[in-house]
Amino acid sequence: MREPPRLKIAQDAIKAWKLSAALLMIIPWLMVVATFIAGKYLNLTIWFGVITIVLTIVLTYLSIFLIPKVRWRCWRYEVFDQEIYIQYGILVVSRTLVPMIRVQHVDTKQGPILKRYQLAGLTVSTAATTHEIPALPEEEAAKLRDQISELARVDEDDV
Amino acid sequence: MMFEPRRLHPTAIIFNVIYILKNLIYVIGAIVIASFGDGMFIYVAFGIGSIMAALIIYSILAWFRFKYSIVGDELKIEQGLIIRKERYISKNRIQSIDLTQGVIHRIFKLTKVQIETAGSDQSADASLSAVTFTEGEAIRQELKLRKEVLDAKDSEDEAANHPTIKVSPKRLIIAGSTSGSVGVILALFFVAFSEIERFIPEQAYDEVARWMMTQTLEIVMFLAILLLVFLWILGILGTVIKYGNFQVTRQHNELFITRGLLEKRQMTLPLKRIQAFGIKESLIRQPLGFATLYVEIAGGEVNNANARTLIFPIIKTQEIESFLQRLLPEYQQVPTTYTSVPKRAFPYYLVRTLFLPVILFVMVLIYLSNFIVVPIVLMILGALLGWLRYHTAGYHLDDEQLTIVMRDFGKDTLVMKHSKVQSMQRKQNLLHRKQQLATVRSSMLNNFAGRHAILKEVDVEEANRISDWFSLRGTFEHK
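Below you will find a few notes about this structure. Just so it is clear, the model here is predicted, and its values are computed rather than measured.

With respect to helix H9 (residues 217-243) of chain B
Residue pairs spaced three or four apart in an α-helix point in one direction, given the helix's 3.6 residues per turn.
So, point 1. Given a rise of 1.5 Å per residue, 27 residues ought to cover 39 Å, and the 39 Å separating the end C-alpha atoms of H9(B) matches this to within 8%.
So, point 2. Buried residues of H9(B): B:Leu231, B:Gly235, B:Ile236, B:Thr239 and B:Tyr243, and no others.

The structure is reproduced here in structure tokens:
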């Protein structure tokens, strides 16, 4: 784990994350509207509204424009014949090693947002843990899934 | 032995009724109490009577429908009144087989057979609530791994030469008195009391309170101590009953454990199923030089809170080595020296244990400054615990095995084989990266999805050594 994994996930992941963050940001903005309406009826000072607006703008910038990019930069993975190596996390960087012979099953999954960008997520499960590579190009994900399931096919009766 | 589908012993009906009643007791109890004094009592009694009758009929039918058999390498269970279920459990997937004899079982020479498979999904396990004891043993023999090898050897020495270790009664009493269960029983006692309290007439309550007031402080103290001693003895009794006649035997590729005075239990643990071996030294036992030995397996005592399987309830730390040599040589290399975490990790350990007490301190300072002593004591204890954890934490690498020592309250030594570690993770936050520290987490399989051995704030070079050891890409020389 001296060197980080070499491969990056699909660049379109940024777009997909931006889109889902944008959809999620609808909720805070609705709350801003609610604050203004409540403020009008309850005769609160305008500052409540201003503060919520500023906070929401900061939050919007962070979650839509900053975090997806940084998150993408931090996500790395590499699949060897013997093991899978994953790195993720912005402030807390985690690096995980999963030996192939411990892999129980591997899934690809795709929600509507990932589908829009022809991406798919890959989930690798051992008997004790689950690991994810969140956004890969569809064909790449399918190829990797088949490759891992092929490599993991070891006759082991330990578990 | 391949046999035709069989039913359980008819006593199973009683167990089923008791089991369902136990779950219903609160509902029924509440209805009965609510209906006292009303003219409705007779109707309620009638209603409960008919529920009971229905229950018994249901249990008889369920018993009638429940059949088990061994087909080839699989245990087959058919059950269900309306929806018929058939379950096959392959011998290769069985984690452990337990025979448990409660008091009723022992009267009728019966046993309960529990067959555990991996994972937390209890419905995938099988439980035969009552079969004759000989039958239970036969089932266990049949479902053992690699039976053919066993049969050949068993005929020669017939269980005589298997190394066995027992717990002496004296040790058991030590185990009971250091189990720390006083606290647990005390809590139970108060819960029970608050339940009963409602039924005590207020008058009696007042009178007792008045009497207490008139007594001197000494007598009240004396009574309190008496109560504590009583609970303590209860705790010892509990341990003695639970672990009485504890005996662990190594039979070829299995550990065979029997225990219990009232409820007898026999457990079979195939060695292949052991995921890790651990030594737990609780805060009370560590200074006295005693420890508990356990293994992590997938499946097993699910109701046990920390999901570990005890293989020896109490042992002197010096005796662990000879214990392992005789019974579990696979794990006998418990290291004596550990690479500890660097000095610069200490602040992290301290912050973790001091965080809550400090918040409490500030709050008490603002609102309840009279009681400031309490959070100060907590802070001292917190700092002490932080230091203890820092002092304990460490690891040791051998060719095939990683040992991590850590501490919540008690010291915990966990020996993991390379082949049983499911995945390895290294974590660093911003400060860690500046200070060249990392947290290492190694995951194993046990009952509930996984057990993680976490070594916090180790030097990053050491973290790399551990992950190099784990990596199969060959920066290390084992295998």
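Moving on from the coordinates now.
As for the environment of B:Leu360
Residues and elements named next belong to chain B.
So, point 1. When you line up the elements, leucine 360 lands in helix H12 (residues 346-367).
So, point 2. In this structure the C-alpha to C-alpha distance between leucine 360 and glutamine 286, which are 74 residues apart in sequence, comes to 29 Å.
So, point 3. What leucine 360 contacts, discounting residues up to four positions off in sequence, is Pro375 and Leu378.

Brief notes about the interface of chain B and chain A
So, point 1. Counting residues at the interface gives 35 residues for chain B, matched by 27 residues for chain A.
So, point 2. Between chain B and chain A the total buried area reaches about 2,700 Å² when both faces are included, carbon and sulfur atoms providing 47% of it.
So, point 3. Our count for the contact surface shared by chain B and chain A stands at 0 salt bridges.
So, point 4. Inspection of the chain B/chain A interface yields 11 residue pairs in polar contact (both at pLDDT 80 or more).
So, point 5. For the side of chain B that touches chain A, a count of residues per class yields 8 nonpolar, 15 polar and 12 charged.
So, point 6. Bridge analysis of strand E4 (residues 93-99) of chain A against strand E18 (residues 423-428) of chain B gives 5 bridges, and the strand direction is antiparallel.

Brief notes about unusual backbone geometry
So, point 1. Although it is not a glycine, A:Gln118 adopts a positive phi angle of roughly 50°.
So, point 2. Locating A:Gln118 in the fold gives a position in the loop between helix H3 (112-116) and strand E6 (119-126).
So, point 3. Assessed through its relative accessible area of 47%, A:Gln118 is described here as partly exposed.
So, point 4. Of note, the phi angle at B:Asn245 is positive, near 55°, even though the residue is not glycine.
So, point 5. Among the structural elements, B:Asn245 can be located in the loop between H9 and strand E8 (247-251).
So, point 6. Note on B:Asn245: relative accessible area 55%, which makes it exposed.

Let's talk about the sheet that holds strand E4 (residues 94-101) of chain B
Residue and element names in this part refer to chain B.
So, point 1. The strand order E6-E5-E4-E10-E9-E8-E7 describes an open sheet built from 7 strands, whose pairing is antiparallel. One side of each edge strand has no neighbouring strand; the edge strands of this open sheet are strand E6 (126-132) and strand E7 (164-166). Here the strands of the sheet are splayed against their neighbours by 15° on average, with no regard to which way each runs.

Considerations on the pattern of salt bridges
All names here are of chain B.
So, point 1. In total, this model carries 17 salt bridges over all chains according to the counting rule given.
So, point 2. Its salt-bridge partner being glutamate 78, residue arginine 84 comes within 4.0 Å of it at the nearest N-O pair.
So, point 3. Here arginine 84 falls in the partly exposed class, since its relative accessible area comes to 43%.
So, point 4. Between lysine 280 and aspartate 412 there is a salt bridge, and its shortest N-O distance comes to 3.9 Å.

Focus: the packing of aromatic side chains
So, point 1. Within this structure, the stated rule accounts for 8 aromatic pairs over all chains.
So, point 2. The interplanar angle of 20° and the centroid separation of 6.4 Å between the aromatic rings of A:Tyr61 and A:Phe65 together place this pair among those described as stacked. On the criterion of helical spacing, the pair formed by A:Tyr61 and A:Phe65 is a turn pair, its members being 4 residues apart in helix H2 (residues 46-74).
So, point 3. In this structure an aromatic cluster arises from ring pairing among B:Tyr243, B:Phe246, B:Phe312 and B:Phe323.
So, point 4. For B:Arg389, the ring lying beneath its charged end belongs to B:Phe409, and the centroid distance is 5.9 Å.
So, point 5. Positioned over the ring face of B:Tyr331 is B:Lys417, at 4.8 Å from the centre of the ring.

Overview of the sheet that holds strand E15 (residues 394-397) of chain B
Residues and elements named next belong to chain B.
So, point 1. The strand order across the open sheet built from 7 strands is E13-E12-E11-E17-E16-E15-E14, with neighbouring strands paired in antiparallel fashion. A single partner strand is all that each edge strand has here, and the edge strands are strand E13 (309-316) and strand E14 (339-340).
So, point 2. Examined bridge by bridge, strand E12 (residues 290-297) and E13 share 5 bridges and lie antiparallel to one another. Paired with tyrosine 294 across the strands is leucine 310, a residue of E13.

Section: the nonpolar core
So, point 1. The biggest cluster of nonpolar side chains holds 32 residues, and the ones touching the most others in it are B:Val248, B:Phe277, B:Leu293, B:Ile311, B:Phe312, B:Phe323 and B:Leu328.
So, point 2. Listing elements by their share of this core, those giving two or more residues are helix H6 (169-177), strand E9 (254-259), strand E10 (264-270), strand E11 (274-281), E12, E13 and helix H11 (320-327) of chain B.
So, point 3. In this structure B:Phe323 touches B:Ile165, B:Val248, B:Leu293, B:Ile311, B:Phe312, B:Ile315 and B:Leu328, once residues within four positions along its chain are discounted.
So, point 4. Grouped together as the second largest cluster of nonpolar side chains are 31 residues, A:Tyr85, B:Val341, B:Val440 and B:Met444 included.

So, how was this worked out
Residues numbered from 1 in each chain as written. Chains lettered and ligands numbered in written order. Predicted model: local features only at pLDDT ≥ 70, side-chain atom pairs only at ≥ 80, totals over all residues. Heavy atoms only, no water. Helix = DSSP H or I, 4+ residues; strand = E, 2+ residues; numbered from the N terminus. Expected span 1.5 Å × (residues − 1). Buried < 20%, exposed > 50% of the residue type's maximum accessible area, 1.4 Å probe, protein only. Contact = heavy atoms within 4.5 Å. Buried area = accessible area lost by both parts, 1.4 Å probe. Salt bridge = Lys/Arg side-chain N within 4 Å of Asp/Glu carboxyl O. Polar contact = N/O pair within 3.5 Å; in protein donor to acceptor, adjacent residues only side chain to side chain. Nonpolar A, V, L, I, M, F, W, Y, C, P; charged D, E, K, R; others polar. Pairing = 2+ DSSP bridges. Axes fitted to C-alpha atoms, helices over the stretch in contact; angles between N-to-C directions. Phe/Tyr/Trp six-rings, centres within 6.5 Å; stacked < 30°, edge-to-face > 60°. Lys NZ or Arg CZ within 6 Å of the ring centre and 35° of its normal. Core = buried A, V, L, I, M, F, W, Y, C linked by side-chain atoms within 4.5 Å.

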